[in-house]
Amino acid sequence: MAFRSSFLLAALGGVALGSVSLLLNGVLPGDSSRLVNSGAIWVVGAFAAGAVLRDGGWRTWLAGTAVLVGAVAGFYGSLVVFEHRAVSPAVVTGPAGWALVGLAAGPLFATAGAWWRDERRARRVAALCLLGGVFVAEGAYLLASHRPLGEALLVSVAGALVPPVLGRGARDRLYGLIGLVPAAVAGFGGYLVLDAVLDVAFTRAG
């Protein structure tokens, strides 16, 4: 029963996250709106779910997935309800495609959240690198995509702050900052792959 309640809360939290990110998009001033229109910010929800459950097993994976799939539902649902916009039925380019991304990212970042509370330093540092790295990677991707410099810097700085803010001690913070580099490089590669897949999908859909 406790897990069912946690799973339901994770899903509802995800729906709220997706809805709020849409409603705040364009409301925040200047480049700060990037923080609510960011794929990286959604994975924080999965990370938080993992940190709450802590077990690092299948329950954590399901909760992280529920958050991200719920966020997709909340985002597109709010798009229809509040902005009266049609949603693409295409599998890859529409909500189903982003839900598939959530199925892959949810367990990963939820596990990172569980590891962040682990007693083993290696796991805690890996969690910091993964969470911070996805923000820095998104910042690099925005820069490569010729987005405003302010947006790229804002997201990158948010990622760089993860180890100092969430690190348990001085060593965790230091190792986390060092590990941001390879984590961000790997994340940047992931963004490029995802971008290529979506580009092909949109081309075929057109």
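Residues numbered from 1 in each chain as written. Predicted model: local features only at pLDDT ≥ 70, side-chain atom pairs only at ≥ 80, totals over all residues. Heavy atoms only, no water.

All right, on to the side chain of Asp-118 then. For Asp-118, the location among the structural elements is in the loop between helix 4 (95-116) and helix 5 (121-144). Using a relative accessible area of 15% as the deciding quantity, one classes Asp-118 as buried. When sequence neighbours within four positions are dropped, the list of residues in contact with Asp-118 reads Arg-123, Arg-124 and Arg-168. (Helix = DSSP H or I, 4+ residues; strand = E, 2+ residues; numbered from the N terminus. Buried < 20%, exposed > 50% of the residue type's maximum accessible area, 1.4 Å probe, protein only. Contact = heavy atoms within 4.5 Å.)

To continue, consider the packing of helix 2 (residues 39-53) against helix 3 (residues 58-83). The packing of two helices is summarised by the inter-axis angle and the distance between the axes. Look at helix 2 against helix 3: their axes get within 8 Å of each other, and the N-to-C directions meet at 150 degrees. With respect to helix 3, the element helix 2 is oriented roughly antiparallel. Taken as a pair, helix 2 and helix 3 cross one another with a handedness that is right-handed. When helix 2 is examined against helix 3, the residues Trp-42, Val-43, Gly-45, Ala-46, Ala-49, Gly-50 and Leu-53 are found in contact with a partner set consisting of Arg-59, Thr-60, Ala-63, Gly-64, Val-67, Leu-68, Ala-71, Val-72 and Phe-75. Here the residues of the contact of helix 2 with helix 3 are counted per class, giving eleven nonpolar, four polar and one charged. (Axes fitted to C-alpha atoms, helices over the stretch in contact; angles between N-to-C directions. Parallel < 35°, antiparallel > 145°, perpendicular 65-115°, else oblique. Left-handed = near helix turned anticlockwise from the far one by under 90°. Nonpolar A, V, L, I, M, F, W, Y, C, P; charged D, E, K, R; others polar.)

The next point concerns the packing of helix 3 against helix 4. Where helix 3 contacts helix 4, the two axes come as close as 7 Å, and the packing angle between them is 140 degrees. Relative to helix 4, the element helix 3 lies oblique. As helix 3 packs across helix 4, the resulting crossing turns out to be right-handed. Side by side, helix 3 and helix 4 meet where Thr-60, Trp-61, Gly-64, Thr-65, Leu-68, Val-69, Val-72 and Tyr-76 of the first sit next to Pro-95, Trp-98, Ala-99, Gly-102, Leu-103, Ala-105, Gly-106, Pro-107, Ala-110, Thr-111 and Ala-114 of the second.

Another aspect to go through is the layout of surface pockets. The computed volume of the largest pocket comes to approximately 1,200 Å³. If you trace the largest pocket, you find 34 residues lining it, with Gly-39, Trp-98, Glu-138, Tyr-191 and Leu-194 closest to the centre. Put simply, the parts of the chain that give the lining of the largest pocket at least two residues each are helix 2, helix 3, helix 4, helix 5 and helix 8 (170-205). Within the lining of the largest pocket, the residues separate by chemical class into 22 nonpolar, eight polar and four charged. (1 Å grid on protein atoms, 1.4 Å probe; cavity = no way out; pocket = protein on both sides within 12 Å on 5 of 7 lines; lining within 4 Å. Points joined across faces, edges and corners; volume = space filled by probe spheres on them.)

Under the 1.5 Å per step criterion, the end-to-end length of helix 5 is 33 Å for 24 residues, consistent within 8% with the ideal 34 Å. Considering bend angle alone, the principal kink of helix 5 is centred on Gly-133 and spans about 25 degrees. Where helix 5 ends, the next residue or the one after it, His-146, has phi of about 65 degrees, a positive value. (Expected span 1.5 Å × (residues − 1). Bend = angle between axes of the 7 residues up to and from the residue.)

Moving on, we get to the nonpolar core. Ranked by size, the top nonpolar core spans 32 residues in total, and within it Trp-42, Leu-68, Phe-109, Leu-131, Val-134, Phe-135 and Tyr-191 carry the most contacts. Elements with a minimum of two residues in this core: helix 1 (2-24), helix 2, helix 3, helix 4, helix 5 and helix 6 (149-160). The dominant element in this core, judged by the number of residues it contributes, is helix 3, at nine residues. Apart from residues lying up to four places away in sequence, Tyr-191 is in contact with Ala-40, Val-134, Ala-137, Glu-138 and Tyr-141. (Core = buried A, V, L, I, M, F, W, Y, C linked by side-chain atoms within 4.5 Å.)

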